[in-house]
Amino acid sequence: MNVLSGPRPLSFRNCILYNHQLQFLSNSSMDSRPFSLTRSSPTPVSHRVEAHRVANAEAKISFQEWQGWGTTSPVPSMVTEVIDDLKLLQKDIDAPMDFGGNHGKLQGEFKVQEDKKHRKKYESLGDSEKKLQFFSARQIACRLLGSRGYLCQKCWLPMEDCMCSRIMPCSLWHRIRFWLYMHPKFSWQDFLRQNNTGKLLWQVFGTQAATLCLFGVSEQEEIMWNALNMAGRNYVWCLYPNTNALPKSVQDTFIQDTSSDIMSKAKLEHKDETMNFILLDGTWSNSHAMYKRLKDKAQVIWGEDLPCISLNTGLSLMHKLRPQPSWDRTCTAAAAIGLLCELNLVPEFSLHGLDSQAEAIEDALEALLEALTMRRVRMGRSISRKERHNIC
C-alpha cells in the first residue's frame with residue numbers, strides 16, 4: 001500500500017515510469033486466458049500451481065523457517081496454536097490437509113470442516129483484540145503451510161521464477177529504519193504475496209534496517225512499539241495521507257520546521273538518533289484499520305497522534321501489474337524510494353548516499369517487475385491489469 005502523492009512529481013531516474021517501459025508493457029500485453037489448476041491441464045508443469053498435502057507431522061513452523069520468510073520475531077504463539085488446531089482437525093476427521101491455487105489456500109473436504117471450526121472459534125472470542133489476533137494468525141498459518149516448497153522464502157516468488165540472484169544488497173544509512181507494517185488478509189494478503197514490493201526493502205537493506213511487522217501479531221507489534229517508544233515521538237513518522245490533519249511533506253518536516261528552531265536543528269543533526277519510518281503495506285481498504293491501530297497506540301504511549309508524512313512520488317513501475325485505486329497512489333517500494341529521494345534534498349542528509357540507496361530499491365523493483373512479467377507471459381496471462389476507477 002501506499003502513499004498518497006502530492007501534485008509535484010519527483011524526478012529521480014525511475015521514480016516516474018519511463019516511456020520505453022510503458023511501450024514494453026503495451027507491446028508485451030496479451031488477452032487474458034483461463035488458467036486451470038487441475039492436474040489434467042495441458043499447461044506445462046512448471047507453469048501451474050500444484051496442489052500439495054501436508055502430513056500431520058509436517059504441520060509445524062520452526063524458528064528457522066519462520067525467520068527465513070523475512071521476519072525477526074519468534075514464531076507467534078497464536079500461529080503455533082492455529083497450526084496445532086489444524087493438526088488436531090486432520091486427525092479427528094481423517095482428511096488430508098490439502099493446499100493449492102495461487103495463494104496456497106486450503107481446499108477440499110478439509111477446507112469445509114476447517115471453515116466451520118474456525119468460524120465457531122472466532123465467534124466464541126468475545127474480545128475484539130483476541131479476534132484480530134486469531135484472524136491474523138489463521139491467515140499467516142495457512143499461508144505458511146500452503147507456500148512451503150512452492151515459494152522462495154527470500155523473494156516470495158515461485159521457485160522457478162526466483163529473482164534473488166538479481167538483488168544487490170546495499171547498506172541503508174544507519175540513522176534510518178523502515179518498519180513494514182503489513183496486513184495478512186488472505187484474499188488480498190500482502191504477506192507472501194508474489195507482487196508485494198515491501199519485501200524488497202529487507203532484501204536490499206536487511207531485516208534490521210527494514211523490519212517486518214504483521215498487523216495483529218502481538219509479538220511483532222510489541223517489538224516495533226518498544227523500539228518506537230525508545231526512539232521517542234519526535235523520531236517516528238508514518239507515511240500516510242492523514243485526512244484529519246494538514247499533511248506534512250518531507251520539506252515541511254525536516255526543513256521548514258527546523259529552519260527557525262535551533263533546538264530542532266540540533267536534534268536533526270544528532271549523530272546517534274534513528275529516524276523511524278512506518279510504511280503501511282496492505283490494500284488501501286485495509287490501510288484505514290492499520291492506521292487507526294497505530295494512531296490509537298500512539299495516543300496510549302504519547303498522548304498525541306502519530307506524525308504523518310505525505311510524499312510527492314510519481315508513478316510506480318508496478319502500476320501496470322498491480323494498479324492502485326488512483327494514479328496518485330503508489331506501491332510500498334516506490335514510497336520508500338520517494339522518501340529517500342526527498343530526504344536526500346535535505347541539506348543535513350545530502351552527504352549520506354540516500355540517492356544511491358533509493359537507486360538500489362529501484363533496481364530491485366525493476367527485477368521484480370521483469371520476473372513477474374516473464375511469468376505472466378510464460379503462463380499465457382495478460383500482463384496489463386484493468387484500471388481501477390474508484391477514488392478513495
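The structure we're discussing is the one just above.
Residues numbered from 1 in each chain as written. Predicted model: local features only at pLDDT ≥ 70, side-chain atom pairs only at ≥ 80, totals over all residues. Heavy atoms only, no water.

(A) Main features of the overall build of the protein chain. Along the protein chain, the regular secondary structure elements total 12 helices and 8 strands. Going through the 392 residues of the protein chain one by one, you find that 53% of them count as buried. The long-range fraction of contacts in the protein chain, counting pairs at least 24 apart against all pairs at least 6 apart in sequence, stands at 78%. Looking at the protein chain as shown, the accessible area adds up to about 18000 Å², and 54% of this sits on carbon and sulfur atoms. (Helix = DSSP H or I, 4+ residues; strand = E, 2+ residues; numbered from the N terminus. Buried < 20%, exposed > 50% of the residue type's maximum accessible area, 1.4 Å probe, protein only. Contact = heavy atoms within 4.5 Å. Areas by Shrake-Rupley, 256 points an atom, 1.4 Å probe, with all protein chains shown as cover.)

(B) Quick peek at the pattern of salt bridges. Under the criterion given, the structure shown has 14 salt bridges. Glu114 is the partner of Arg138 in a salt bridge, and the nearest nitrogen-oxygen pair spans 2.7 Å. Taken together, the residues Arg138 in helix H5 (residues 128-147) and Glu114 in helix H4 (residues 108-124) connect sequence positions 24 residues apart. Under the relative-accessibility criterion, Arg138 is labelled buried at 13%. Taken together, the salt bridges that share partners define one network made up of Lys111, Glu114, Asp115 and Arg138. (Salt bridge = Lys/Arg side-chain N within 4 Å of Asp/Glu carboxyl O.)

(C) Examining the environment of Ile61 more closely. Residue position: Ile61 is located in the loop between strand S1 (52-54) and helix H2 (63-68). Separated by 14 residues in the primary sequence, Ile61 and Val75 have C-alpha atoms spaced 7.6 Å apart. Among all residues touching Ile61, those that are not within four sequence positions of it are Trp66, Val75, Ile83, Leu144, Leu145 and Arg148.

(D) Spatial organisation of empty space enclosed by the protein. Overall, the coordinates contain 2 cavities of 30 Å³ or more when judged by the stated rule. Of the volumes computed, that of the largest cavity is approximately 90 Å³. As for the largest cavity, its lining consists of Val82, Asp85, Leu86, Leu89, Glu114, Lys117, His118, Lys121 and Phe134. Listing elements by their share of the lining of the largest cavity, those giving two or more residues are helix H3 (77-93) and H4. For the lining of the largest cavity, the residue count by class is 4 nonpolar, 1 polar and 4 charged. (1 Å grid on protein atoms, 1.4 Å probe; cavity = no way out; pocket = protein on both sides within 12 Å on 5 of 7 lines; lining within 4 Å. Points joined across faces, edges and corners; volume = space filled by probe spheres on them. Nonpolar A, V, L, I, M, F, W, Y, C, P; charged D, E, K, R; others polar.)

(E) Molecular detail of the sheet that holds strand S6 (residues 236-239). Ordered by their spatial adjacency, 5 strands build an open sheet running S5-S4-S7-S6-S8, and the pairing between neighbours is parallel. Every interior strand has two partners, whereas the edge strands, strand S5 (210-214) and strand S8 (308-309), have only one. Direction of pairing for strand S4 (residues 176-182) relative to strand S7 (residues 275-281): parallel, over a ladder of 7 bridges. The residue bridging Ile176 from the neighbouring strand is Met275, located in S7. Contacts from helix H11 (residues 332-344) reach S4, S6 and S7 within the one sheet, and its direction differs from that of S7 by about 150 degrees. (Pairing = 2+ DSSP bridges. Axes fitted to C-alpha atoms, helices over the stretch in contact; angles between N-to-C directions.)

(F) Molecular detail of the pairing of S5. Across the 5 residues of S5, 5 count as buried, placing the element largely inside the fold. By the alternation rule, side chains of S5 split into Ala210, Leu212 and Leu214 and Thr211 and Cys213, which are all buried.

(G) Structural detail: unusual backbone geometry. In this model, Asp94 sits at a positive phi of 55 degrees, which is unusual for a non-glycine residue. Along the chain, Asp94 turns up in the loop between H3 and strand S2 (97-100). Look at Leu192: it is not a glycine, yet its phi comes out positive at around 70 degrees. Along the chain, Leu192 turns up in the loop between S4 and helix H6 (199-205). Take Leu192: its relative accessible area is 0%, and that puts it in the buried class.

(H) Structural view of the packing of helix H7 (residues 218-231) against helix H10 (residues 284-302). Between H7 and H10, the shortest axis-to-axis distance is 12 Å and the interhelical angle comes to 50 degrees. One way to sum up the angle between H7 and H10 is to call them oblique. The hand of the H7/H10 crossing is right-handed. Where H7 abuts H10, its residues Glu221, Met224, Trp225, Leu228 and Asn229 lie against Arg293, Leu294, Lys297, Ala298, Ile301 and Trp302. The residue makeup of the contact of H7 with H10, split by class, is 7 nonpolar, 1 polar and 3 charged. (Parallel < 35°, antiparallel > 145°, perpendicular 65-115°, else oblique. Left-handed = near helix turned anticlockwise from the far one by under 90°.)

(I) Molecular detail of the packing of aromatic side chains. All told, the structure shown has 12 aromatic pairs when counted by the stated rule. Measuring from centroid to centroid gives 5.4 Å for Trp173 and Phe349, while their planes differ by 55 degrees, and the two rings are tilted. With a gap of 176 residues between them, Trp173 in the loop between H5 and S4 and Phe349 in the loop between H11 and helix H12 (354-378) connect regions that are remote in the sequence. Ring geometry for Phe254 and Phe349: centres 5.7 Å apart, planes at 70 degrees, overall edge-to-face. (Phe/Tyr/Trp six-rings, centres within 6.5 Å; stacked < 30°, edge-to-face > 60°.)

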